[in-house]
Amino acid sequence: MKYKWLRSAMLTLVAGTALTACSTGETEKNSAEEDKVSIVTSFYPMYEFASQVAGDRADITMMVGGGDDPHHYEPSAKDVATVNEADLFVYSSPEMEFWTESLFETVENDDLKIVSAAEGIDQSAHSEEDHDHTEGESAGEVKIASAAEHYHSGDMAELTAKVEGNTTLDHWHWYTRSDESADWEAVPNEFGSELSYLVLDENFEVKAELYGEDHEVLTESEPVTITVDNHEDEGEEAHDHEGEEAHDHEGEVTETSGDVTIAGLAGHYHTGDTVTIVAETEIEISEWQWSTRENEEAKWSVASDQTTEQFSEEAGTEGFELQGVGLDSEGNEVVNTGTIEIMVENHENEDPHSWLDPVLVQEQVNEIRDALIEIDPEGEEIYTENAANFNDRLKALDQEFQEAFEGAEDRTFVVQHQAFGYIAERYDLEQIAVGGLSTEVEPSPSRIAEIGKLVEEYNVPVIYYQQGSDSSIAQTIASETGTETAVLHDLESLSEELQSENLGYIEAMEQNIESLKLSIK
């Protein structure tokens, strides 16, 4: 009896010790995870650079996935909650991720360190020619022209900022506020001298700031008041009638029958690009009717020359809205695309793809390194060593680019989308953008003829498409224009092929070198 009790007690003691050791191990593991720096990054390049510097000392997440457009991403409530718990937020620049401004207004995290990796870098090597033209130029007083005496609700205020004597600087930021007691709020996606702004029901103020080569404020305008006067009841009947007409038209957009899929729609376009999309449906359609409008406050205008499932039009300076209606043989609507937003973004002389220049990336890596050292001084040695190691790889990559194109006589390459200006500038190449050439939609004969002239003029052997493009359409274009096709990585996201092979930024850029060798000889 005595020995039986003793054996039972020993087993209990051993089990208890084991549970304690297990519990202690879990606690140490959880504690180690909690001790890690929490980093949230905007999209792939920032994730890669932060990962290279932080190593195992951080938990790193990426907000914008491969299927999203990092230019026009809209953070979710979950994203905001994640940033609220983070130690560091890393993004490229306000010109790239326009949505970060609204994100920062929503986040409630006083301890959050924010790094705009590309905003503070020295871009003189990229814009040396432009700098020569503007060096020494002074900026005088800003005047905002074209403001009307008053506006009605729903009007578009068309304003222009001018600086006397300025001939080259054209990087603007616009701001609005409800009155002089309120804070100024930046107008998103507006970086030119002209502003088109929707007037609502209340008066407000607007101002413009002119920026220099190093993204510094050179001068700003005095506030201009936008006065709203709807004349109370005067003309109310006409106003109501217009409202009803617009409302009825909106109803037609949402009341669709059957399913329709839109192919070929890009995240955004540049002025001069050809917007080409196709409405795909299994329902038998006799004729399509396409309509466009400037914005939701404007009236729809029918594009009488567009009667097939394919819509094609050159992008102007502003975005617009589009809708397609499929008609049966008797002219009745049987399917509707709904409202399609066409975004035009010219970046106003600001090419945001600075992560494609391995020299400038080294500065971005250093920006991230310094931020990590500031919030986690104990990791300084690790961060410094990791940054130095990755920068050595970037220096080697830069050398590979230089050696690949040294002495080449044909230095022009043709791309689908104008995203590779930093590579062209760094290595003395010339980028020509076809513009709006979708790889999801068969181009029209007239569009193929335009591309054919470009191919002949520049003796183009290859047209480059960004990763993820539809190769079948690319091959059609190649056969029609007598060219080959190849892929260039813009690295706004990492391709599934590279991910599956555990490859990253350096390897993707090395593939870009090999692809460019097809044209640069």
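Along every chain, residues carry numbers that run from 1 in the direction the sequence is written. Where totals are concerned, whole chains, interfaces and linings use all residues; where local detail is concerned, this predicted model gives features only for residues with pLDDT of at least 70, and gives and counts side-chain atom pairs only at 80 or more. Computation of side-chain values: all heavy atoms of the structure, hydrogens and water removed.

Asks: What should I look at first to understand the environment of Leu-200 in this one?
Replies: Each helix is a run of DSSP H or I of at least 4 residues and each strand a run of E of at least 2, with the numbering of both proceeding from the N terminus. Position of Leu-200 relative to the elements: it lies in the loop between strand 9 (194-198) and strand 10 (204-211). For every residue, the accessible area obtained with a 1.4 Å probe (protein chains only) is divided by the maximum for its type, and the residue is called buried under 20%, exposed over 50%, and partly exposed between those limits. According to the relative accessible area criterion, Leu-200 is exposed, its value standing at 55%. For the pair formed by Leu-200 and Asp-155, sequence separation is 45 residues and the distance between their alpha carbons is 7.8 Å.

Asks: Any chance you could explain the sheet that holds strand 17 (residues 310-314) here in plain terms?
Replies: As a general point, the strands of a sheet are linked pairwise by backbone hydrogen bonds and lie either parallel or antiparallel. Here we have 3 strands laid out as an open sheet, ordered 13-14-17, and antiparallel in their pairing. Two strands close off the open sheet at either side, each with one partner strand: strand 13 (261-263) and strand 17. Each adjacent strand pair in this sheet contributes to an overall mean axis angle of 20°, direction not counted. DSSP bridges decide pairing: two strands pair if at least two such bridges lie between them. Judged from the 3 bridges that link them, strand 13 and strand 14 (residues 274-280) form a sheet pairing that is antiparallel. Opposite Ala-263, over in strand 14, you have Val-278 as the bridge partner. Whenever a helix is involved, its axis is fitted only over the stretch in contact; in every case the axis is a line through C-alpha atoms, and angles between N-to-C directions fall within 0 to 180 degrees.

Asks: Looking at this structure, I do not really get the sheet that holds strand 23 (residues 462-466). What am I missing?
Replies: Read from one edge of the open sheet, 4 strands run 22-21-23-24, paired in parallel fashion. Either end of the sheet is taken by a strand with one partner, and the two such strands are strand 22 (430-433) and strand 24 (484-488). Geometrically, the sheet is characterised by an average inter-axis angle of 35° between neighbouring strands, direction not taken into account. As paired strands, strand 23 and strand 24 are joined by 5 bridges and run parallel to one another.

Asks: Would you take a moment to explain the pattern of salt bridges for this structure?
Replies: Between side chains of opposite charge, a pair can form when the charged atoms approach closely. Each salt bridge in this description consists of a side-chain nitrogen of Lys or Arg and a carboxyl oxygen of Asp or Glu lying within 4 Å of one another. Applying the stated criterion across every chain, the model contains 10 salt bridges. Measuring nitrogen to oxygen at the nearest pair gives 3.0 Å for the salt bridge that ties Arg-369 to Asp-370. For Arg-369, a relative accessible area of 22% corresponds to the partly exposed category. One salt-bridge network, held together by shared partners, links Lys-207, Glu-209 and Glu-220.

Asks: Could you clarify how one ought to interpret the environment of Phe-390 in this entry?
Replies: Here Phe-390 shows up in helix 8 (residues 380-405). Considered as a pair, Phe-390 and Gln-52 are 338 residues apart in the sequence and their alpha carbons are 6.7 Å apart. Here a residue-residue contact requires only that any non-hydrogen atoms of the pair lie within 4.5 Å. Ignoring anything within four residues of it in the chain, the contact list for Phe-390 reads Glu-48, Phe-49, Gln-52, Val-365, Tyr-505 and Ile-506.

Asks: What is the right way to read the packing of aromatic side chains from this model?
Replies: Pairs of aromatic rings are described using the distance from one ring centre to the other and the angle between the two planes. Each aromatic pair joins two rings of Phe, Tyr and Trp (for Trp, the six-membered one) with centres within 6.5 Å, and gets the label stacked for planes under 30 degrees apart, edge-to-face for over 60, and tilted for any other angle. Summed over all chains, the structure comprises 13 aromatic pairs. With a centroid separation of 5.3 Å and 65° between ring planes, the pair formed by Tyr-73 and Trp-99 is classed as edge-to-face. Taken together, the positions of Tyr-73 in the loop between strand 2 (58-62) and helix 3 (77-84) and Trp-99 in the loop between strand 3 (88-91) and helix 4 (100-106) put the pair 26 residues apart, joining distant regions of the chain. The class for Trp-99 is buried, based on a relative accessible area of 5%. Summarising the aromatic geometry, the rings of Phe-401 and Tyr-427 are spaced 4.8 Å apart at their centres and angled 10° between planes, so their arrangement reads as stacked. With Phe-401 in helix 8 and Tyr-427 in the loop between helix 9 (421-426) and strand 22, this pair connects stretches of sequence that are 26 residues apart. For the pair Phe-401 and Tyr-427, a shared accessibility class is recorded, and that class is buried. A connected cluster of aromatic rings, assembled from ring pairs, spans Phe-49, Phe-390 and Tyr-505.

Asks: Can you walk me through the nonpolar core in this structure?
Replies: Buried together is how nonpolar side chains tend to be arranged in soluble globular proteins. What makes a nonpolar core is a set of buried Ala, Val, Leu, Ile, Met, Phe, Trp, Tyr and Cys residues whose side-chain atoms join them at distances within 4.5 Å. Counting 67 residues, the largest nonpolar core has Ile-39, Phe-413 and Tyr-505 as the members making the most contacts within it. With 7 residues, the single largest contributor to this core is helix 8. Contacts of Tyr-505, omitting those with residues within four sequence positions, involve Tyr-44, Glu-48, Phe-49, Trp-355, Leu-356, Asp-357, Pro-358, Val-361, Phe-390, Leu-394, Leu-397 and Leu-491. Core analysis: the second largest hydrophobic core is formed by 20 residues, Tyr-151, Ala-208, Leu-210 and Val-224 among them.

It is worth stressing that arrangement in space is one thing and function is another; only the former is reported here.
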